[in-house]
Each structure stands twice: as C-alpha cells, then as structure tokens.
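# Observations on chain architecture
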Amino acid sequence: MTSPKEPTTYQEQIEILRARGCVITDESFCMEKLSVINYYRFSAYFLPFKNSDDSYAPGNTFEKIYHIYEFDRKLRNILLGAIEVIEISFRTRLSYLHGHNYGPLGYRNSQNFNSFHNASKFKENIESAIKNNQKIPFVQHHLKKYKGDFPIWVISELFTFGMISYFYSDLHTADQKEIAKQFKVNYNNLKSWLRCLTDLRNICAHYGRLYYRVFSASPANLDLSEDDKRRLWGIMLVLKFVYPSAHKWNSEFLPLFCKLFAEYKGDIDLCHIAFPEDWLTKLQK
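What comes next is a walk through the structure. (Residues numbered from 1 in each chain as written. Predicted model: local features only at pLDDT ≥ 70, side-chain atom pairs only at ≥ 80, totals over all residues. Heavy atoms only, no water.)

Along the chain, D170 falls in the loop between helix 8 (161-169) and helix 9 (173-183). There is no salt bridge for the buried D170, and the closest opposite charge comes from K191, which lies 8.5 Å off by N-O distance. One polar contact links D170 to H117, side chain to side chain, over a distance of 2.9 Å. In this view, D170 contacts F113, N114, F116, H117, N118 and Q176; residues no more than four positions away in its chain are not counted. (Helix = DSSP H or I, 4+ residues; strand = E, 2+ residues; numbered from the N terminus. Buried < 20%, exposed > 50% of the residue type's maximum accessible area, 1.4 Å probe, protein only. Lys, Arg positive; Asp, Glu negative; His and termini not counted. Salt bridge = Lys/Arg side-chain N within 4 Å of Asp/Glu carboxyl O. Polar contact = N/O pair within 3.5 Å; in protein donor to acceptor, adjacent residues only side chain to side chain. Contact = heavy atoms within 4.5 Å.)

In structure tokens form, the structure reads like this:
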C-alpha cells in the first residue's frame, strides 16, 4: 500500500501549482488564500483545465481559479435559499395530507404507507432526530406533556430533506399523486427529483463543489443527454419544476442568479456546468 503524502507548507503548495502550469503573479495573495482554503479543496477547481499528466492547460492564473471558487461559493448560498423554500413547502404539504388522511400519529402505522416502507428504519430515524434535538423547546414540550407523541405536523419539523424524500416515496400512490398535483408535476418524476434535490442540498450544506461536478443521481424524464442531466443544468431544471411559487422564482431567485453569472462571466465557462446559452429563458417559470 502507498503511504499517505507528507504535509506541505503554503510555499511548497505554491511551487506545486507553478510546476503544474498555474500562473501566479502575486505570491502574497496566493498564500493568503491557501491559508484559509484547504489546498486539497481548492485544487479540485483546476479539474476542467487538467491534462492527463496532471499539468494544467496554459494560461490559467491563480486569480481565475479563485474567482471560480468564489462563484461556486456564492452559487451554493443562492441555491440553499431556493432549497429552503422547497423543503419547507414539502414538509407542510406532506404533514397536512398525511395528518388529515391518517390522523396525527398515522405515520407510525406501516399500513398507511406502501409495501416499500421500512417501518423499523423509519422509526429509528425519528428516534434519532428526537434525541439529537431534545434541547429544542418544542421537542421538550412534547416529550414532557405528550409523553413523546409527536403529531406528524410537529415531528416533520425534524425531518431532513432525505427523510422527506423517502417519506414521499413510501406514500401510497394516490397520496403521491395528490402531492405531485400540488406541484404540477408527474408523481413518478417527483420521486426521482426529490432524490436529486437531496443530493444537491447535502452538497451545498457541506460546502461541496458544484462547478464541473458530475452528480450521482440522474433526474428522470428530462429531455437532456445523460451527461447534461448529471451536471448542474439538469439539477437546475428540477429546482425550477419543483419550486412552489412561479412569482418568487422569477422575481427573487432568478435575479440573484443573473447577477452572479454577470459578475463572473469572464471566469466561468457555461459548458463546465452544461448550461445552454439561452439558460435564462429556459429557467423562467
């Protein structure tokens, strides 16, 4: 087995970048950024410009790669804002439907879900969520006053996006269709899209790279090549389809997106995220 590499100083990291073809004109700027951004994290943004021998294509400056890094960072923050709206909307609609169809504690009964529902795993996830949030006032209130009986509209506030996705996938088909109808999308597509949005949410929340990323899940029923589906463009279309308010999407979200793309238009390349030239027109609801 190969032993791990030895740690390098900031100056050594600069020399590695130079040796691979990165143009560095301001060492102090470079060292400042490497002191607050892990070299291993930062070097991933060179991937679109990397040759087979690990060298970089000519003309790539440290400043340009840093600008792409900053574009990616700001992009994650914007996307998290959009995901928040979607996540809260789904929690609300799922808990409303399930509570009215099956009662406040109906989520504990496996008969209120389809045959794919793993009741024991679902119970474990809920117990873990309660334990991890037991200091929150509303959790303490329900543990003391109601002996741990959390109505669906309360317990769903502790659901992660992944739990929301699985909750929807485990609903009876009629319930899935009712939820999907509220979002004006196909119920089967929605199962796939929620999985993709779960991945996107987790990447953004953990500060992962979006630029030049190939996503693990491929969103269903998009008129795109498989490669484009797994790039950011495919996930952006899913965001658009699932976002609950056309007005807020067009008036709040898209302007932020346009401003960001305009700010970094000299540094980013649309093909690296599979965006078409008319991306703004296609993203309007």
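So much for the structure itself; the text now carries on.
Turning to the state of the cysteines, a few remarks are in order. In the structure shown here, the tally under the stated rule is zero disulfides. Lacking any disulfide linkage, C22 is separated from the closest cysteine sulfur, that of C30, by 6.7 Å. Overall, C22 belongs to the buried group, its relative accessible area being 4%. (Disulfide = S-S within 2.5 Å.)

Interhelical geometry of helix 1 (residues 10-19) versus helix 2 (residues 27-34) gives an angle of 115° and a closest axis separation of 10 Å. With respect to helix 2, the axis of helix 1 lies roughly perpendicular. For the crossing formed where helix 1 meets helix 2, the hand is right-handed. Across from Y10, Q11, Q13, I14, E15, L17 and R18 in helix 1, the residues of helix 2 making contact are E27, C30, M31 and L34. Each residue belonging to the contact of helix 1 with helix 2 can be placed in one class, and the counts come to six nonpolar, two polar and three charged. (Axes fitted to C-alpha atoms, helices over the stretch in contact; angles between N-to-C directions. Parallel < 35°, antiparallel > 145°, perpendicular 65-115°, else oblique. Left-handed = near helix turned anticlockwise from the far one by under 90°. Nonpolar A, V, L, I, M, F, W, Y, C, P; charged D, E, K, R; others polar.)

A word on unusual backbone geometry. Positive phi values are uncommon outside glycine, yet D54 reaches one of about 75°. Residue position: D54 is located in the loop between helix 3 (39-43) and helix 4 (62-102). For D54, a relative accessible area of 35% corresponds to the partly exposed category. A positive phi is found at K184, a non-glycine position, where the angle reads about 60°.

Moving on, we come to empty space enclosed by the protein. Under the definition given, this model contains one cavity of 30 Å³ or more. Taken as a whole, the largest cavity encloses approximately 40 Å³ of empty space. Residue lining of the largest cavity: R91, L94, S95, I152, S156, F159, I164 and F167, and that is the complete set. Those elements that provide at least two residues to the lining of the largest cavity are helix 4 and helix 8. A per-element tally of the lining of the largest cavity places helix 4 first, with three residues. The class makeup of the residues in the lining of the largest cavity is five nonpolar, two polar and one charged. (1 Å grid on protein atoms, 1.4 Å probe; cavity = no way out; pocket = protein on both sides within 12 Å on 5 of 7 lines; lining within 4 Å. Points joined across faces, edges and corners; volume = space filled by probe spheres on them.)

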